[in-house]
Amino acid sequence: LTAAAQIILEKPRKTAELAWIHRWTGKAMLLAFYIIVFPTSLYLTAMQRVDWLSPAVGAVLLDTAFCTSYFLYRGWRVIRLSKSPRSKVIHGRLMQCGVMMSMSILPQRLLQFY
């Protein structure tokens, strides 16, 4: 929900007086991902109950988790070290990619809980 608000709500991103809202909700989203979502994804991947093709399924699940982590981390680093106006565009694309990949983790939970 926080990630969707970050992407959809344009005014807090573009207005200097409201930019702090975008920064703080972004930090909260990253904190929730790295404290709750990422460790849970790794744990459930390690404890999956898939009988057939278990290594292949595990590889896909781990790949999704690590790619999501990579894109979110790189998006955060790009904006922290920004040196040009283009950095904001790259930050937005990296974060959108990370959020979309994190959304693909949700259907994978059905495989892991089944």
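All values reported here derive from a predicted model rather than from experimental measurement.

Caption draft 1: Up close: a nonpolar patch on the surface. Taken together, the side chains of Leu31, Ile35, Ile36 and Val37 present a nonpolar region at the surface, about 370 Å² in accessible area. Tracing the sequence through the fold places Ile36 in helix 3 (residues 19–46). Judged by its relative accessible area of 52%, Ile36 falls in the exposed class.

Caption draft 2: Focus on the nonpolar core. The biggest cluster of nonpolar side chains holds nine residues, and these are Ala3, Met29, Leu30, Phe33, Phe38, Ala65, Leu72, Met95 and Val99. No other element matches the four residues that helix 3 contributes to this core. Apart from the residues lying within four places of it in its own chain, the contact partners of Phe33 are Phe38, Pro39, Ala65, Thr68, Ser69 and Leu72.

Caption draft 3: Representation of the packing of aromatic side chains. A full pass over the atoms with the stated rule returns six aromatic pairs. On the numbers, 5.9 Å between centres and 35° between planes, the contact of Phe33 with Phe38 is tilted. Exposure remark for Phe38: the relative accessible area of 13% places this residue in the buried category. For the pair Tyr34 and Phe38, a centre-to-centre distance of 6.2 Å together with 65° between the ring planes defines the contact as edge-to-face. You can see Tyr34 and its partner Phe38 sitting in helix 3, four residues apart, about one turn around the helix. Positioned over the ring face of Trp24 is Lys27, at 4.8 Å from the centre of the ring.

Caption draft 4: Fine view of the state of the cysteines. Counted by the stated rule, this structure contains zero disulfides. Sulfur of Cys67: no disulfide; nearest cysteine sulfur belongs to Cys97 and is 8.2 Å away. Since its relative accessible area comes to 25%, Cys67 is described here as partly exposed.

Caption draft 5: Summary view of the side chain of Thr68. Here Thr68 shows up in helix 4 (residues 54–80). Apart from residues lying up to four places away in sequence, Thr68 is in contact with Phe33, Gly98, Met101, Ser102 and Ile105.

About the thresholds
Residues numbered from 1 in each chain as written. Predicted model: local features only at pLDDT ≥ 70, side-chain atom pairs only at ≥ 80, totals over all residues. Heavy atoms only, no water. Patch = residues over 30% accessible without salt bridge, like charges linked within 9 Å, V, L, I, M, F, W, Y side chains within 5 Å. Areas by Shrake-Rupley, 256 points an atom, 1.4 Å probe, with all protein chains shown as cover. Salt bridge = Lys/Arg side-chain N within 4 Å of Asp/Glu carboxyl O. Helix = DSSP H or I, 4+ residues; strand = E, 2+ residues; numbered from the N terminus. Buried < 20%, exposed > 50% of the residue type's maximum accessible area, 1.4 Å probe, protein only. Core = buried A, V, L, I, M, F, W, Y, C linked by side-chain atoms within 4.5 Å. Contact = heavy atoms within 4.5 Å. Phe/Tyr/Trp six-rings, centres within 6.5 Å; stacked < 30°, edge-to-face > 60°. Lys NZ or Arg CZ within 6 Å of the ring centre and 35° of its normal. Disulfide = S-S within 2.5 Å.

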